[in-house]
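# A look at the structure
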Amino acid sequence: MPAGKKTPKLSKAEKRERRRNRKRYQRLSTGRAFVDHPRYGDAPIRSATPITAAEMRASYWGYNRTHIPDAIYFPETAIRADRSRQRTGWGWRPYYVDIARRCRKCRRWFLFFALEQKYWYETLGFFIDADCVDCQECRHDRHEQRAFIHQYEALLARPDKSQREWSDLEQLGQHLFEIGYVRKAESLLKTRPPKRFKQRA
């Protein structure tokens, strides 16, 4: 049940992947603090086949974008892409590089890792121009809130709710009211348990 902001916990697989990455690659020292990613860490990851800044800019139009003025690109982190697995309409990415930028929501600096991009575009099948605008923690919070909203709406629509379900609905309603999803306090009346449940309590 929601009770303030939660920090995402690492799964065993994520911990193993993070240990492998630390052994496999050398971290770059940038002198800047980044939001910690549960799998890839909080510093750019130097690759075995770095490219020059000119090669990076020439490889993909998105690396010359001007509407992200505070983005920082790290050509030393480049990893080769598998073009056959990319979904695109305007051009391919032959390389992925670590990209640092400010989170749209919390304004902290975070890294969109080359390894993360490879997973997005080649395993998950995201469109090649899809961008990451929120840090890992804010993305986790957003997904968590969506789960709360889905659970809230499902409970609200359920005709015969148990005492436990009424309790969950009441707590979810209060949480969603505090974050602004439920706009009117009167709407919370629908989340209050019937008198028969209150009498048992």
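A few points on the structure. Note on numbering: residues in each chain are counted from 1, in written sequence order. The predicted origin of the model limits local features to residues at a pLDDT of at least 70 and limits the giving and counting of side-chain atom pairs to 80 or more, whereas totals for whole chains, interfaces and linings rest on all residues. Hydrogens and water molecules were not included; the side-chain quantities draw on all heavy atoms of the structure.

Here the focus is a nonpolar patch on the surface. Patches were defined on residues exceeding 30% relative accessible area and lacking a salt bridge, with like-charge contacts within 9 Å and nonpolar side-chain contacts (Val, Leu, Ile, Met, Phe, Trp, Tyr) within 5 Å. In these tables, accessible area is a Shrake-Rupley quantity obtained with a 1.4 Å probe, and a residue counts as shielded only by the protein chains included in the view. The salt bridge criterion pairs a side-chain nitrogen of Lys or Arg with a carboxyl oxygen of Asp or Glu, the two atoms within 4 Å. On the surface, Trp61, Trp90 and Phe127 cluster together to form a nonpolar patch covering roughly 420 Å² of accessible area. Numbering of helices and strands runs from the N terminus, with a helix taken as a DSSP run of H or I at least four residues long and a strand as a DSSP run of E at least two residues long. Of note, tryptophan 90 is situated in the loop between strand 3 (72–80) and strand 4 (95–102). Partly exposed residues are those whose accessible area sits between 20% and 50% of the maximum for their type, while under 20% is buried and over 50% is exposed, using a 1.4 Å probe and protein chains only. Tryptophan 90 gets classed as exposed once you look at its relative accessible area, which sits at 75%.

This part takes up the nonpolar core. The definition of a nonpolar core used throughout is a set of buried Ala, Val, Leu, Ile, Met, Phe, Trp, Tyr and Cys residues joined through side-chain atoms within 4.5 Å. Judged by nonpolar contacts, the single largest core of 34 residues is most densely connected at Tyr63, Tyr73, Tyr96, Val97, Ile99, Phe110 and Phe112. Breaking this core down by element, the ones donating at least two residues are strand 3, strand 4, strand 5 (109–112) and helix 3 (114–123). Apart from the residues lying within four places of it in its own chain, the contact partners of phenylalanine 110 are Phe34, Val35, Ile99, Ala100, Arg101, Arg102, Cys103, Cys132, Val133, Asp134 and Cys135. Here, residues are in contact when the closest pair of their heavy atoms is within 4.5 Å.

Axis geometry follows a simple rule: fit a line to the C-alpha atoms, using only the stretch in contact for helices, then measure angles between N-to-C directions, giving values from 0 to 180 degrees. Where helix 4 (residues 136–157) contacts helix 5 (residues 163–178), the two axes come as close as 9 Å, and the packing angle between them is 130°. With respect to helix 5, the element helix 4 is oriented oblique. Helix 4 and helix 5 meet at a crossing whose hand is left-handed. The segment helix 4 lies against helix 5, with Gln145, Phe148, Ile149, Gln151, Tyr152, Leu155 and Leu156 engaging Glu165, Asp168, Leu169, Leu172, Gly173, His175 and Leu176. Any angle that is under 35 degrees is reported as roughly parallel, and any over 145 degrees as roughly antiparallel; angles of 65 to 115 degrees are reported as roughly perpendicular and all others as oblique. Here is the rule for handedness: rotate from the far helix to the near one, and if that takes an anticlockwise turn smaller than a right angle the crossing is left-handed, while a clockwise turn gives right-handed.

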